[in-house]
Amino acid sequence: MEQQINGIALPNDEGFFGVYGGQFIPDDLKQAMDDINAAYQEIRQTEAFQTELKELFAHYVGRPSPLFHAKRLSEKLGGAQIYLKREDLNHTGAHKINHCLGEALLAKYMGKTKVIAETGAGQHGVALATACALVGIACEIHMGQVDIEKEHPNVVKMKILGAQLIAVTRGTATLKDAVDSAFEAYLKDPKNYIYAIGSVVGPHPFPMMVRDFQAIIGEEIKVQTQERFDALPDYVVACVGGGSNAMGAFTAFLNDAAVKLVGVEPAGLGLETMQHSATLTLGKPSHIHGMACYVLEDEQGQPLPVHSIASGLDYPGVGPQHSLLKDLGRVQYETATDQECLDAFMTLSRVEGIVPALESSHAVAWALREAPKLSPETKIVVNVSGRGDKDADYVAGKLGLH
Ligand SMILES: *Cc1c(COP(=O)(O)O)cnc(C)c1O
């Protein structure tokens, strides 16, 4: 059953979500993407693929991830009840393993010899290196030099897992430059290599494929909230970088009009400072990395330098499906600053004993701000996309806890 909203396909045969998405790429790359799409459409239907992925989700990732009622936090805030979807408890500590297993399995079924990808905070790199080690396929990861220095533990993990790490020094030496570098490497042999994008971005079929692999998050939330309080949640909240954990959490609820969906973008040092990464809030429809979507760019159409305390969120584009959902008003996109995010990181750690990733802390920050205004019958599910171990040293330094 293909997905729709208001009669609009998600996506149509050309990979468009309304006017967003598509394939804005050279012909040779388009051919490679069409081959991946054809293989995906065929392979995902097979019993062998579905069974293997399902088994790995259950016994390797540890799904379903728990839905935890944060009672102390809810009481402290004195408003809505907050439930945490614990993607931080997945093997490798974040939601990214969900689509990485899907992509690595697809590579295996397609007979590819190498998986190539970019990584920002290193989370996608670690998850992909993990999935490739498990599946037994070579893995090449491109990472900005700035991020390499900031995310040392993940860099070491990727090497231990057997991935080949390529340090990218061009431009701002962050995620955007790593994407460019990885695409170039992939185009050297698209027949034998496969590109594994780390979010619901890039040319068709990736925004659709990564979403499909992540949709398990929302499907589980639906079952778990029914079991727990015999109703749908009032809100589902997730942080938005490229948008994969948010699409994963939202997809099952898109046609449940009563469920409010909230995506939280990084306001960084403030929306007025140019030191942010609030693409849907302040960007405009344009093109980046082979897709049409909202983009933060200057008058010349060049992507702006972006900033967030969470390196997994500093990307000047955003998934095409989010771009459509914003225009339709189906998802409400809000922001949280670096400071609010730090406060949320510490609050969740000290009130519930759960140390969230700085990325996920943006969604937690929204809940801390809004829950006090809502009634105690209101139920908010916050997607805790990952754990904060990777951020602990950075936060401790920032707050003088050393
Ligand atoms: C990468 C990452 C994100 C941001 O990516 P999305 O595609 O927007 O989900 C969010 N949280 C964590 C823990 C991450 O590692």
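Treat the numbers as computed from the prediction; the structure is a model and nothing was measured.

With that settled, the discussion passes to the overall build of the chain. Summing up its helical and strand segments, the chain has 16 helices and 16 strands in all. Computed over C-alpha atoms, the radius of gyration of the chain comes to 19 Å, within 12% of the 21 Å expected from 2.2 N^0.38 for 402 residues, which places it in the range of a compact globule. Principal-axis analysis of the C-alpha atoms places the extent of the chain at approximately 55 × 45 × 45 Å. Burial statistics for the chain: of 402 residues in total, 61% are counted as buried. By sequence separation, contacts in the chain at least 24 residues apart represent 73% of the contacts at least 6 residues apart. For the chain, the exposed area adds up to about 15400 Å²; of that, 51% sits on carbon and sulfur atoms. For the chain, the distance from the average position of its 34 positive side-chain charges to the average position of its 49 negative side-chain charges is 4 Å.

Near the ligand you find 17 residues, and of these K96, S199, G243, S244 and S385 are the closest. Within the backbone of G242, an N or O atom sits 3.2 Å from an oxygen atom of the ligand. At a separation of 2.7 Å, a nitrogen atom of the ligand approaches a polar side-chain atom of S385. Bound to the protein, the ligand loses 97% of the 380 Å² it would expose on its own. Counted by class, the shell around the ligand contains four nonpolar, eleven polar and two charged residues. Built from parts of two domains, the shell around the ligand gets at least three residues from each of domain 1 (23-56 + 96-211) and domain 2 (64-93 + 215-399).

Here, UniProt's "modified residue: N6-(pyridoxal phosphate)lysine" (unreviewed entry) annotation points to K96. With respect to the helices and strands, K96 occurs in helix α4 (residues 96-110).

For the chain, the assigned domains are domain 1 (23-56 + 96-211) and domain 2 (64-93 + 215-399). Distance from the C-alpha centre of domain 1 to the C-alpha centre of domain 2: 23 Å. At the junction of the two partners, domain 1 supplies 27 residues and domain 2 supplies 33 residues. Overall, the association of domain 1 and domain 2 removes approximately 2400 Å² of surface from exposure, summing both partners, and the carbon and sulfur fraction of that is 60%. Applying the counting criterion to the domain 1 and domain 2 interface returns zero salt bridges. Our count for the domain 1 to domain 2 interface comes out at eight residue pairs in polar contact (both at pLDDT 80 or more). Of all the elements in the fold, those that place two or more residues in the side of domain 1 that touches domain 2 are α4, α5 (123-135), α6 (145-150), α8 (175-187) and α9 (206-214). Take the side of domain 1 that touches domain 2: its biggest share by element is four residues, from α8. In terms of residue class, the side of domain 1 that touches domain 2 is made up of twelve nonpolar, nine polar and six charged.

With that settled, the discussion passes to the UniProt feature "domain: Tryptophan synthase beta chain-like PALP" (unreviewed entry) in the chain. Per the UniProt record, "domain: Tryptophan synthase beta chain-like PALP" (unreviewed entry) is annotated on residues 62-386. Counting secondary structure, residues 62-386 comes out at 41% helix and 21% strand; the distance between its end C-alpha atoms is 14 Å.

This next bit is on the packing of aromatic side chains. Here the structure, examined in full by the defined rule, presents nine aromatic pairs. Here the aromatic rings of Y235 and W366 are separated by 5.6 Å at their centres, their planes lie at 50°, and the arrangement is tilted. Note that Y235 is positioned in strand β11 (residues 235-239) and W366 in helix α15 (residues 358-370), a separation of 131 residues in sequence. Aromatic rings pair up to connect Y40, F49, Y109 and F213 into one cluster. Here the basic side chain of K150 rests over the ring of Y394, its NZ or CZ set 5.5 Å away from the ring centre. One residue, K260, lies across the ring of Y235, its end atom 5.0 Å from the ring centre.

Here is what the cut-offs are and how they apply
Residues numbered from 1 in each chain as written. Predicted model: local features only at pLDDT ≥ 70, side-chain atom pairs only at ≥ 80, totals over all residues. Heavy atoms only, no water. Helix = DSSP H or I, 4+ residues; strand = E, 2+ residues; numbered from the N terminus. Rg over C-alpha atoms; globule rule 2.2 N^0.38 Å. Buried < 20%, exposed > 50% of the residue type's maximum accessible area, 1.4 Å probe, protein only. Contact = heavy atoms within 4.5 Å. Areas by Shrake-Rupley, 256 points an atom, 1.4 Å probe, with all protein chains shown as cover. Lys, Arg positive; Asp, Glu negative; His and termini not counted. Charge placed at Lys NZ, Arg CZ, Asp CG, Glu CD. Near = heavy atom within 4 Å. Polar contact = N/O pair within 3.5 Å; in protein donor to acceptor, adjacent residues only side chain to side chain. Nonpolar A, V, L, I, M, F, W, Y, C, P; charged D, E, K, R; others polar. Domains from an automatic or database assignment. UniProt positions renumbered as here; feature names shortened; annotations may be inferred. Buried area = accessible area lost by both parts, 1.4 Å probe. Salt bridge = Lys/Arg side-chain N within 4 Å of Asp/Glu carboxyl O. Phe/Tyr/Trp six-rings, centres within 6.5 Å; stacked < 30°, edge-to-face > 60°. Lys NZ or Arg CZ within 6 Å of the ring centre and 35° of its normal.

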